[in-house]
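Listed below, chain by chain, are the residues.
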Amino acid sequence: MTGQPEWWQDFFSGLALDFVRHSRDEEDTFAEADFIQEALELPEESRLLDVPCGGGRLTLEMASRGYRVTGVDISPDLISDGTSQIYAEQSPVTFEQRDMRDLPWQEEFDGAFCFWSSFGYFDDAGNLAFLKAVHNALKPGASLLLDTPLIETRLPEMESQERVWFPVGDLLALEERGFDHETSRVESEWTFIRGSQVEQKLLSLRLYTYRELCAMLEEAGFGNHQAYGSMDGEPFELGATWLYMITTKVET
């Protein structure tokens, strides 16, 4: 399989969009929001940036907890999903459709989070541009919470399981994945099935080692990393299946 350079422009549509909308339930959302709240340690009314925000499930949940949240995503359909769920009683919450590498804010946010394996969409220059854009948008000393797989976490899993089925309501999704060692990218072919309707999409995700990720974060202006292997707060170590990284905008 060969990934498309800008696969994300076509991926989030049709049945894939329904998969994104419904593959995380309310319990998942509450657990992730609890972790974000505990990890960032910010008081109510703090300004948070959710990027990319998808359909806004975490944007809206964090807003319901008293934060002022801005969600950014490139998909107009997902931004429309989020906007349609804003309620008058929520704290100020806004959605903006834009590329995650193009953030116009300068030192406006008290914290940011990038969740659900949404880092690594681009080439190295693009991924660095995203981190620098978030860095510029954060106030000095503010933190970014990044949830992402690494080479150390994903390759052992892929070696034992190259095909994975995901049932979501009446929708079935099949991910068939391989690793391109020349580009350090996971190349996935997704098949979405609902009744007689079948759609196929390609996804390409750049994987970094822990050391490579830290080096890129530091190049973007972050430091003082705190690494966890789960949302229970366990330290990241050999055998962890995921990385939750809290990294801070370093004052210069």
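Quick caveat, the model's predicted, so the values are computed rather than measured.

(A) Structural context of the overall build of the chain. The helix and strand inventory of the chain stands at eight helices and 11 strands. Expected size for 252 residues packed as a compact globule is a radius of gyration near 18 Å; at 18 Å, the chain falls within 12% of this value. Principal axes of the C-alpha set define a box for the chain whose edges measure 50 × 45 × 30 Å. A burial count over the chain gives 52% of its 252 residues as buried. Across the chain, the fraction of contacts at a sequence separation of at least 24, relative to all contacts at a separation of at least 6, is 64%. One way to put it: in the chain the 19 positive side-chain charges average out to a point 3 Å from where the 47 negative ones average out.

(B) Representation of the sheet that holds strand 6 (residues 163–168). In space, the four strands of this open sheet follow the order 6-7-8-9, with antiparallel pairing throughout. In this open sheet, the two edge strands, each paired with only one partner strand, are strand 6 and strand 9 (197–206). This sheet shows a mean twist of 20° between the axes of neighbouring strands, independent of strand direction. Both strand 8 (residues 185–194) and strand 9 contribute to a ladder of 10 bridges, which runs antiparallel. Counterpart to Phe 192 in the pairing with strand 9 is Glu 199. Across the face of the sheet, helix 7 (residues 151–160) comes into contact with strand 7 (171–180) and strand 8 while running at roughly 110° to strand 7.

(C) Structural detail: the pairing of strand 1 (residues 47–50). Taken together, the four bridges between strand 1 and strand 2 (residues 68–73) define a ladder with parallel strand orientation. Across the sheet, the residue bridging to Leu 48 is Val 69, located in strand 2. Note on the crossover from strand 1 through helix 4 (residues 57–64) to strand 2: the handedness is right-handed. Alignment of strand 1 against strand 4 (residues 109–114), held across three bridges, turns out to be parallel. Bridging across to strand 4, Leu 48 finds its partner in Gly 111.

(D) Unusual backbone geometry, seen in detail. Note that the residue after Val 51, namely Pro 52, is joined by a cis bond; omega there is -10°. Even without a glycine there, the phi angle at Glu 41 is positive, about 50°. Mapped onto the elements, Glu 41 comes out in the loop between helix 3 (26–40) and strand 1. Even without being a glycine, Asn 224 presents a positive backbone phi close to 55°. Within the secondary structure, Asn 224 sits in strand 10 (residues 222–228).

(E) Representation of the sheet that holds strand 2. Taken in spatial order, the seven strands of this open sheet run 3-2-1-4-5-11-10, and their pairing is mixed. In this open sheet, the two edge strands, each paired with only one partner strand, are strand 3 (93–97) and strand 10. On average, adjacent strands in this sheet sit at an angle of 20° to one another, irrespective of strand direction. For strand 2 and strand 3, the ladder comprises five bridges, and the chain directions are parallel. Counted as the bridge partner of Thr 70 is Thr 94 from strand 3. Those strands touched by helix 8 (residues 210–220) are strand 5 (138–148), strand 10 and strand 11 (243–249), and its axis lies near 150° from that of strand 10.

(F) Representation of the packing of helix 6 (residues 124–137) against helix 8. Relative orientation of the contacting elements helix 6 and helix 8 amounts to 50°, with a least axis distance of 9 Å. In terms of their interaxial angle, helix 6 and helix 8 are classed as oblique. In the crossing of helix 6 with helix 8, the sense of the turn from one axis to the other is right-handed. In contact with Asp 124, Asn 127, Leu 128, Leu 131, Lys 132 and His 135 of helix 6, helix 8 contributes Met 216, Leu 217, Glu 219 and Ala 220. Here the residues of the contact of helix 6 with helix 8 are counted per class, giving five nonpolar, two polar and three charged.

(G) Spatial organisation of the nonpolar core. One finds Phe 12, Leu 49, Phe 119, Val 134 and Phe 192 to be the most contacted residues of the largest nonpolar core, which totals 54 residues. For this core, the leading source of residues is helix 6, giving six residues. In this structure Phe 192 touches Phe 11, Leu 15, Ala 16, Phe 19, Leu 171, Leu 172, Ala 173, Gln 197, Val 198, Glu 199 and Lys 201, once residues within four positions along its chain are discounted. Counting residues in each nonpolar core, the second largest holds 22 residues, with Leu 48, Cys 53, Leu 60 and Tyr 67 among its members.

Basis of the calculations
- Residues numbered from 1 in each chain as written.
- Predicted model: local features only at pLDDT ≥ 70, side-chain atom pairs only at ≥ 80, totals over all residues.
- Heavy atoms only, no water.
- Helix = DSSP H or I, 4+ residues; strand = E, 2+ residues; numbered from the N terminus.
- Rg over C-alpha atoms; globule rule 2.2 N^0.38 Å.
- Buried < 20%, exposed > 50% of the residue type's maximum accessible area, 1.4 Å probe, protein only.
- Contact = heavy atoms within 4.5 Å.
- Lys, Arg positive; Asp, Glu negative; His and termini not counted.
- Charge placed at Lys NZ, Arg CZ, Asp CG, Glu CD.
- Pairing = 2+ DSSP bridges.
- Axes fitted to C-alpha atoms, helices over the stretch in contact; angles between N-to-C directions.
- Right-handed = clockwise from strand over helix to strand, strands pointing away.
- Parallel < 35°, antiparallel > 145°, perpendicular 65-115°, else oblique.
- Left-handed = near helix turned anticlockwise from the far one by under 90°.
- Nonpolar A, V, L, I, M, F, W, Y, C, P; charged D, E, K, R; others polar.
- Core = buried A, V, L, I, M, F, W, Y, C linked by side-chain atoms within 4.5 Å.

So yeah, pure geometry; function would need other evidence.
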